[in-house]
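Chain residues, written in single-letter form:
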Amino acid sequence: MSGPAAMARSLLFTQKLADMICERIADGQSLRAICAEAGMPTTGTVFRWLEENEGFRGQYARAREFRADTLFDEILEISDAPAEGEAAKSGEAGRAGKPAPETARGADQRKLQIETRKWMAARLQPQKYSDKPPPAAAPGAEGARIEAIRRVIVDPTGHSDG
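The numbering scheme is per chain: residues are counted from 1 as the chain's sequence reads. pLDDT decides what is reported in this predicted model: residues at 70 or higher carry local features, side-chain atom pairs at 80 or more are listed and counted, and totals for whole chains, interfaces and linings draw on all residues regardless. To get the side-chain values, take all heavy atoms of the structure and skip hydrogens and water.

A.B. asks: Would you take a moment to explain the pattern of salt bridges for this structure?
C.D. replies: Any carboxyl oxygen of Asp or Glu within 4 Å of a side-chain nitrogen of Lys or Arg constitutes a salt bridge here. Throughout the structure, instances matching the rule amount to five salt bridges. For Arg117, the salt bridge is made with Glu74, and the minimal N-O distance between the two is 2.6 Å. With a gap of 43 residues between them, Arg117 in helix α7 (residues 104–124) and Glu74 in helix α5 (residues 54–80) connect regions that are remote in the sequence. A run of DSSP states H or I qualifies as a helix once it reaches four residues; a run of E qualifies as a strand once it reaches two. Both are numbered from the N-terminal end.

A.B. asks: I'm lost on the environment of Leu50 in this one. Help?
C.D. replies: Considering the arrangement of structural elements, one finds Leu50 in helix α4 (residues 43–52). With a relative accessible area of 11%, Leu50 lands in the buried category. With eleven residues separating them in the primary sequence, Leu50 and Ala61 have C-alpha atoms 9.8 Å apart. A contact between two residues is defined here by any heavy atoms of the two lying within 4.5 Å. If sequence neighbours within four positions are ignored, Leu50 has contacts with Phe56, Arg57 and Tyr60. Type-normalised accessible area, obtained with a 1.4 Å probe on protein chains alone, sets the label of each residue: buried when under 20%, exposed when over 50%, and partly exposed for intermediate values.

A.B. asks: I tried to follow the nonpolar core on my own but got confused; where do I start?
C.D. replies: Buried together is how nonpolar side chains tend to be arranged in soluble globular proteins. If you look at the biggest cluster of nonpolar residues, it comprises 16 residues, and the most contacted ones within it are Ile21, Ile25, Leu31, Val46, Trp49, Phe56 and Tyr60. Mapped by element, the contributors of at least two residues to this core are α2 (15–26), α3 (31–35), α4 and α5. If one sorts the elements of this core by residue count, α2 sits on top with six residues. For Leu31, the contacting residues outside a window of four places in its chain are Ile21, Ile25, Thr43, Val46, Phe47 and Tyr60. Listed in part, the five residues of the second largest apolar core include Ala68, Leu71, Ala121 and Tyr129. Nonpolar cores are built from buried Ala, Val, Leu, Ile, Met, Phe, Trp, Tyr and Cys residues. Side-chain atoms within 4.5 Å join them into one set.

Next comes the structure, spelled out in structure tokens:
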């Protein structure tokens, strides 16, 4: 979006608007979906706010961490939801205490929903939801940083070729 419409949506930062955006992100909504609504800033405006406002940057980061927890909760809801036809429990399957078979399409959709949420949660909070542990740092490497590696050839006799 560009031109006058984008300019009209380039809102000034307010803590009330920042709180609303972060609350909705923590509740599982994407920034893109939030910003697509009337009266909300563009994603570019929110990114500018993140660059300019350290307090909002921290609030936004926490909201994204909470979003991972929301996604985790959604995984449980999706996986615990009754399969198609299970709630009615009618017919032979219901009398036997077995759920009616879920259609292959429904099962595939649920699996996709769960896998997508697992993937997102692992990226939003890898230390909490990733299947792979974070790489271990080398002993004594806390805070260490390699600036440059230089190879120097030393003549043990002290003679130089130059």
